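Each chain is listed here by its residues.
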Amino acid sequence: MKPYPIALPHKMTLLHLSEQSFRTDRLTGVFALPLRQETAAEYAILPNLLTRSCAAYPTLAQFSRRLDELYGATVQGEVFRLGGWQVLTFSVSYLNRRYTLDGSDLTAACTNLLLDMLFDPALADGAFPADVFAQEQRCLLEHLQGEMNNKRMYARQRCEELLCPDHPFSCNPSGTEETVNALTPAAAEAARKRMLAEANIHWLYQSADDTDALTRELDSRFATLGERRVATVSADASFTMKESELTEQMQVSQAKLVLGFRIAVTAPEGDTVAAQLMNTLWGGCATSLLFTHVREEKSLCYYCASTYDRFAGIVLVDSGIQAKDADAAREGILEQLEALREGNFSDTELEAARRCLIQRYNSACDNAEALENFYIGQTIYDDYHTPEQMRAKALEVTREDVQRAARLTHFDSLYMLMPSDEEVAE
C-alpha cells in the first residue's frame, strides 16, 4: 500500500509506516532548510549538540543513564544534502512494547525525550555550554579534515563546485573550516530556534501503534513557537553547458579524474527510475559498462564508477588512474555514454543492472534505518512510493527508456587531481 503523509498543525507532515516487523519502533524528525554557505555550519553542528543531552538530563552521563532506563533506547542526529536543501535528522529508536519485560509502552517517554532535546536543550546563560560546544566544534572540524584527507571525496566535491558555481549544490552541508571556526555557542542556539521556526518538517514514525498520542504531543510542543515561517527553495533545473576543466596537484600517489555531467531528468516529474537504471548500467554496479570496458578490458583505472543525483540532475563519474592515462580514461568514459545512447549494450548487461537496482530497493526493508533512509529522500516533495512500487517501476523500464535517459545526459565539467611529484605522475 502506498503510504500517504498526514497533515499536522504548524505546517508539518507525518508519514506513518505501520507495516513493519522490526523489534524496535523509530521516530525521526526531518528538518530541511535552504543550503547556504553562510548558515551551513550553524545548522551542521546541531545534530551532535542536541543528541548528547537536554535540560532534564544535562550531562552526558545522566543522558546515557536515561537511555539505559528506556531499555537501551538510542538517539541519532545527522546532516546531509538533498539537492538545494540542507537536511538535519533527529531520531529515537526504542524497543517495541511486545518485547519489554512487562509490556511497557516506551513511545511517550521516548517521544518526550526527543522533543526535549529539540525544544529544551541544556544551556548556560542562553547559549550552549562553552566546553560542550568546543567539543562538538572540534569534531565538526575533524570531520571536514577527514573529507579533505579522503582524496576521492575531495575530488568529487571539487568537480561539484565546477558543475554548480554559485549554486547551493556546491556547498558542503557540514560548512567549511572557516565558517566552523567562526561559530559561537550563541550562534548555534540561534540556529536551533531558527530551525524549529523555519524548517520544512516531516516526521517519520515506524510503529504498528496509532499516531493519536504522538500527533497531540507534537501539536503541543510546536504550539509554543507561534506561527512558523517555512522556508522555500526555488526548483530551478535549468543549466548552461560550460565544459569547464580544472587540474590541481597534491601529494597523492594516485591521480583522481572526475567527470561531471548534467542530466535533464530530475525529481519529482522526471523519469528518475529510468535514469537510475541508466546510471547503474553505465557505472553503478560490478557488471557496468565502465567497470567491464574501461577498467577490466582497457586497464585504464583502478576504479571507475558513476552516481546519479535525482534532485540536482547531476551525474558524476569518478575514477582513480595513473596520470598518463587521463586522456584515454576520459575518452573511454565518454565512449560508454555514447554506447548507452546508441543502445550498444547487451540484454544480459541490462538485466544485470536491473537486478542490481532492484536489490537496492529490496535492501530498504532490511532494518528500520534503511527503511527510513529510503523514505527521507521522498519527504522533499511529499510524494511517496514503497520499495515494492519502485521495484515494479524498475521492471517496466525498457531499453529505449535507458537510451533516452543517456541522450539527456551531457558532459559539463572535468576535475583532475594530479600527483605533485613528477616521478610519481609518470
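Our subject in this report is the structure included herewith. (Residues numbered from 1 in each chain as written. Predicted model: local features only at pLDDT ≥ 70, side-chain atom pairs only at ≥ 80, totals over all residues. Heavy atoms only, no water.)

1. So, the sheet that holds strand 7 (residues 244–250)
Remark on secondary structure: sheet strands pair via backbone hydrogen bonds, oriented parallel or antiparallel.
Next, step 1: Spatial strand order, 7-11-8-10-9: five strands in an open sheet with mixed pairing. Lying at the two open borders of the sheet, with one neighbouring strand each, are strand 7 and strand 9 (303–309). Strand-to-strand, the axes of this sheet are offset by a mean angle of 15°, without reference to chain direction.
Next, step 2: Pairing geometry for strand 9 and strand 10 (residues 314–321), over seven bridges, is antiparallel. Note on strand 10: the bridge partner recorded for cysteine 304 is serine 319.
Next, step 3: Where helix 6 (residues 151–163) meets the sheet, it contacts strand 7, strand 8 (255–263), strand 9, strand 10 and strand 11 (409–419), and its direction lies at approximately 135° from that of strand 11. (Pairing = 2+ DSSP bridges. Helix = DSSP H or I, 4+ residues; strand = E, 2+ residues; numbered from the N terminus. Axes fitted to C-alpha atoms, helices over the stretch in contact; angles between N-to-C directions. Contact = heavy atoms within 4.5 Å.)

2. A look at the packing of aromatic side chains
Next, step 1: Taken as a whole, this structure holds nine aromatic pairs when the rule is applied.
Next, step 2: Their ring planes at 90° and their centres at 4.9 Å tell us that phenylalanine 119 and phenylalanine 222 sit as a pair that is edge-to-face. With phenylalanine 119 in helix 4 (residues 107–119) and phenylalanine 222 in helix 9 (residues 212–222), this pair connects stretches of sequence that are 103 residues apart.
Next, step 3: Given the relative accessible area of 17%, phenylalanine 119 is considered buried.
Next, step 4: Taking relative accessible area as the criterion, phenylalanine 222 reaches 0% and is therefore assigned buried.
Next, step 5: Ring centres of phenylalanine 374 and tyrosine 375 lie 5.1 Å apart, and the angle between their planes is 85°; on these two criteria the pair is classed as edge-to-face. Each member of the pair, phenylalanine 374 as well as tyrosine 375, carries the same accessibility label: buried.
Next, step 6: Here the aromatic residues Phe31, Phe90, Phe119, Trp203 and Phe222 are joined through ring pairs into a cluster of three or more.
Next, step 7: It is arginine 81 that lies over the ring of phenylalanine 169; its NZ or CZ is 3.8 Å from the centre. (Phe/Tyr/Trp six-rings, centres within 6.5 Å; stacked < 30°, edge-to-face > 60°. Buried < 20%, exposed > 50% of the residue type's maximum accessible area, 1.4 Å probe, protein only. Lys NZ or Arg CZ within 6 Å of the ring centre and 35° of its normal.)

3. Digging into the side chain of threonine 13
Next, step 1: Here threonine 13 shows up in strand 2 (residues 12–17).
Next, step 2: The contacts of threonine 13, once residues within four sequence positions are left out, are Pro5, Ile6, Leu8, Ile201, His202, Trp203 and Asp382.

4. A word on the pairing of strand 6 (residues 200–206)
Next, step 1: Burial analysis of strand 6 places six of its seven residues in the buried class, the great majority of the element.
Next, step 2: In the sheet, strand 2 pairs with strand 6 via six bridges, with the strands oriented parallel. Paired with methionine 12 across the bridge in strand 6 is isoleucine 201.
Next, step 3: As paired elements, strand 3 (residues 24–34) and strand 6 share seven bridges and run antiparallel to each other. Bridge pairing links phenylalanine 31 to isoleucine 201 in strand 6.

5. What to know about the packing of helix 10 (residues 272–283) against helix 13 (residues 347–363)
Next, step 1: At a minimum axis separation of 9 Å, helix 10 and helix 13 run at an interaxial angle of 115°. At the point where helix 10 passes helix 13, the crossing takes the right-handed sense. For the pair helix 10 and helix 13, the contacting residues are Val273, Gln276, Leu277, Thr280 and Leu281 in the first and Glu349, Leu350, Ala353, Arg354, Cys356, Leu357, Arg360 and Tyr361 in the second.
Next, step 2: Looking at the contact of helix 10 with helix 13, its residues break down into eight nonpolar, two polar and three charged. (Left-handed = near helix turned anticlockwise from the far one by under 90°. Nonpolar A, V, L, I, M, F, W, Y, C, P; charged D, E, K, R; others polar.)

6. Some details on the sheet that holds strand 1 (residues 6–8)
Next, step 1: Here six strands make up an open sheet; going across it, the order is 1-2-6-3-5-4 and the pairing mixed. Because the sheet does not close on itself, it has two edges, and the strands there are strand 1 and strand 4 (74–82). Within the sheet, the average angular offset between the axes of one strand and its neighbour, ignoring direction, is 20°.
Next, step 2: On the sheet, helix 4 packs against strand 3, strand 4, strand 5 (85–95) and strand 6 and is oriented at approximately 150° with respect to strand 5.

7. Things to note about empty space enclosed by the protein
Next, step 1: A complete count under the given rule lists two cavities of 30 Å³ or more for this structure.
Next, step 2: Volume-wise, the largest cavity comes out at about 50 Å³.
Next, step 3: Lining the largest cavity, in full, are Leu49, Leu50, Ser53, Pro58, Pro121, Ala122, Phe128, Pro129 and Val132.
Next, step 4: Partitioned by chemical class, the residues of the lining of the largest cavity number eight nonpolar, one polar and no charged. (1 Å grid on protein atoms, 1.4 Å probe; cavity = no way out; pocket = protein on both sides within 12 Å on 5 of 7 lines; lining within 4 Å. Points joined across faces, edges and corners; volume = space filled by probe spheres on them.)

8. A closer look at helix 12 (residues 326–342)
Next, step 1: Between its terminal C-alpha atoms helix 12 stretches 25 Å, which fits the 24 Å expected from 17 residues at 1.5 Å a residue.
Next, step 2: When we look at burial in helix 12, the residues that qualify are Ala326, Ala329, Gly332, Ile333, Gln336, Leu337, Ala339, Leu340 and Arg341.
Next, step 3: One or two residues past the end of helix 12 sits glycine 343, with phi positive at roughly 80°. (Expected span 1.5 Å × (residues − 1).)

9. Some words on the pattern of salt bridges
Next, step 1: Evaluated as defined, the whole model comprises 25 salt bridges.
Next, step 2: Close ionic contact of lysine 193 with glutamate 189 constitutes a salt bridge, the shortest N to O distance being 4.0 Å. Taken together, the residues span about one helical turn, with lysine 193 and glutamate 189 both in helix 8 (residues 185–198) at a distance of four residues.
Next, step 3: Between glutamate 296 and arginine 295 there is a salt bridge; the shortest N-O distance is 2.1 Å.
Next, step 4: Shared partners join several salt bridges into a network, and the residues in it are Arg97, Asp105 and Asp209. (Salt bridge = Lys/Arg side-chain N within 4 Å of Asp/Glu carboxyl O.)

10. As for the packing of helix 10 against helix 16 (residues 399–407)
Next, step 1: Between helix 10 and helix 16, the least distance of the axes is 8 Å, while the angle of their chain directions is 85°. Relative to helix 16, the element helix 10 lies roughly perpendicular. Contacts from Ala274, Ala275, Leu277, Met278 and Leu281 in helix 10 reach Asp401, Val402, Ala405 and Ala406 in helix 16.
Next, step 2: Looking at side-chain class alone, the contact of helix 10 with helix 16 contains eight nonpolar, no polar and one charged residues. (Parallel < 35°, antiparallel > 145°, perpendicular 65-115°, else oblique.)

It is worth stressing that arrangement in space is one thing and function is another; only the former is reported here.
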